[in-house]
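Per-entry structural report
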Amino acid sequence: MADYKNNRNQNTENENRGDVIFGRNPVSEAIRSGRAIDSLLVSKGAKTGAIVGILAKAKEKNIRIKEVDPKKLDYMCSGGTHQGIAAVAAVCEYKNMEDIFTLAQEREEDPFIVILDEIEDPHNLGAIIRTAECAGAHGIIIPNRRSAGLSFTVGKTAAGATEYVPVVRVPNIPAVIDSLKEKGLWVFGADMNGQDYRECDFKGGVALVIGNEGKGIGRLVREKCDVIVSLPMKGKINSLNASVAAGILMYKIADSRP
C-alpha cells in the first residue's frame, strides 16, 4: 500500500476548461466580486503594472498565487489574450475548521476528518471527497501548496459531494494535526509498515491521513500521527491508488461508529 503509487497524470488540471478566467480586467472583477477562486496564475516576468494591484487583492483574500511559464498560460487559456494573468475558479467556497466541527455537532457525532497530505491528482481528490461524503465524514483538510484544489475536474469527479463536505485549506498540516489532537481526536496515518487496519480501534473522534500518490505521508506528518495503519497486500502489486486506499479506510472507520 505504502506510497499509493499510481499512473497519475499531473497535467490533468491543465486541460482547457470553462473555469479559467483570464485577462487583467476579468480576473480583477472576479476577485472583487467575491467569486470562489482556487488559484491565481501569473506568467513569469509579468508582475508589473496593473498585475501588482491584482496580486495584492488576491493576497488579501488568501488566494493561492502560482508563477507559471508563459506557454503554460497560453495553453490553459486556449491561446486567448491573457495579459499575463489567469484565475482558476473553484467549484465552491473553501470552508474553515469550525464548519467541520459544527457539522459533527449538528449530527451529534464524534468528528470524522480526512486529512490529505499533498494529494496532487484532481481525480483522486474528487473521488476522495465523494467517498468521504458517502462514508459520513465531516470534512476534508488539504494544504495550501503542492495539492490539487477545488477545480472543475475535482468538482466533476466528486459528483456533487463538494456541496455537502466542507473542504478546508490550511498552510501547515502538522500544526493542524496538533490542534486536532488537543481536541481529543486520534490521528491515523495510512502508510506501509503499519498496524493492520482491521485490528485498529477507530471509535471516537478520528482524523485519517492519506499521503501523496508517489511519496506517501511526509516524514513530519507521519511523526505527528498517533497510529500508522496499513492495508495488507496479497497480490503481486504492493500499493493501491490513493483514493481506493482512502475509501477502504473511510468505510472501516464508518463501520466502527454508532
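Each remark here, short or long, concerns the structure printed above.
Residues numbered from 1 in each chain as written. Predicted model: local features only at pLDDT ≥ 70, side-chain atom pairs only at ≥ 80, totals over all residues. Heavy atoms only, no water.

**Observations concerning the overall build of the protein chain**
Of the regular secondary structure elements, the protein chain holds nine helices and 10 strands. For the protein chain, whose C-alpha radius of gyration is 19 Å, the value lies close to the compact-globule estimate of 18 Å for 258 residues. Dimensions of the protein chain, computed from the C-alpha atoms along their principal axes, are close to 60 × 45 × 30 Å. For the protein chain, long-range pairs separated by at least 24 residues make up 83% of all intrachain contacts whose partners lie at least 6 apart in sequence. Split by element, the accessible area of the protein chain, about 12300 Å² in all, is 47% carbon and sulfur. Of the side-chain charges in the protein chain, 34 are positive and 33 negative, and the distance between the mean point of each set is 5 Å. (Helix = DSSP H or I, 4+ residues; strand = E, 2+ residues; numbered from the N terminus. Rg over C-alpha atoms; globule rule 2.2 N^0.38 Å. Contact = heavy atoms within 4.5 Å. Areas by Shrake-Rupley, 256 points an atom, 1.4 Å probe, with all protein chains shown as cover. Lys, Arg positive; Asp, Glu negative; His and termini not counted. Charge placed at Lys NZ, Arg CZ, Asp CG, Glu CD.)

**Considering the pattern of salt bridges**
Counted by the stated rule, this structure contains 11 salt bridges. For aspartate 38, the salt bridge identified is with arginine 169, shortest N-O distance 3.2 Å. Remark: arginine 169 occurs in strand E7 (residues 167-170) and aspartate 38 occurs in strand E2 (residues 37-43); sequence separation between them is 131 residues. By relative accessible area, aspartate 38 is classed as buried at 2%. One salt bridge in this structure joins glutamate 223 and arginine 219, with 3.0 Å as the shortest N-O distance. Linking glutamate 223 with arginine 219, this pair stays in helix H8 (residues 219-224), spanning four residues, or about one helical turn. Counted as one network, the salt bridges with shared partners bring together Asp38, Arg64 and Arg169. (Salt bridge = Lys/Arg side-chain N within 4 Å of Asp/Glu carboxyl O. Buried < 20%, exposed > 50% of the residue type's maximum accessible area, 1.4 Å probe, protein only.)

**Observations concerning the side chain of aspartate 117**
Position of aspartate 117 among the secondary structure elements: in strand E5 (residues 112-117). Buried aspartate 117, no salt bridge; nearest opposite-charge side chain is arginine 146, N-O distance 7.6 Å. Those residues in contact with aspartate 117 that sit more than four places away from it in its chain are Val209, Ile210, Gly211, Asn212, Gly216, Ile217, Gly218 and Val221.

**Brief notes about the pairing of E2**
Summarising burial for E2: seven of the seven residues are buried, a large majority. Taken together, the five bridges between E2 and strand E4 (residues 85-89) define a ladder with antiparallel strand orientation. Bridging across to E4, serine 39 finds its partner in valine 88. Of the strand pairs in this sheet, E2 and strand E3 (residues 64-68) are connected by five bridges, and their pairing is parallel. Across the sheet, the residue bridging to leucine 41 is lysine 66, located in E3. Taken together, E2, helix H2 (residues 50-60) and E3 form a β-α-β motif whose crossover is right-handed. (Pairing = 2+ DSSP bridges. Right-handed = clockwise from strand over helix to strand, strands pointing away.)

Everything listed is a geometric property; what it means functionally is a separate question.
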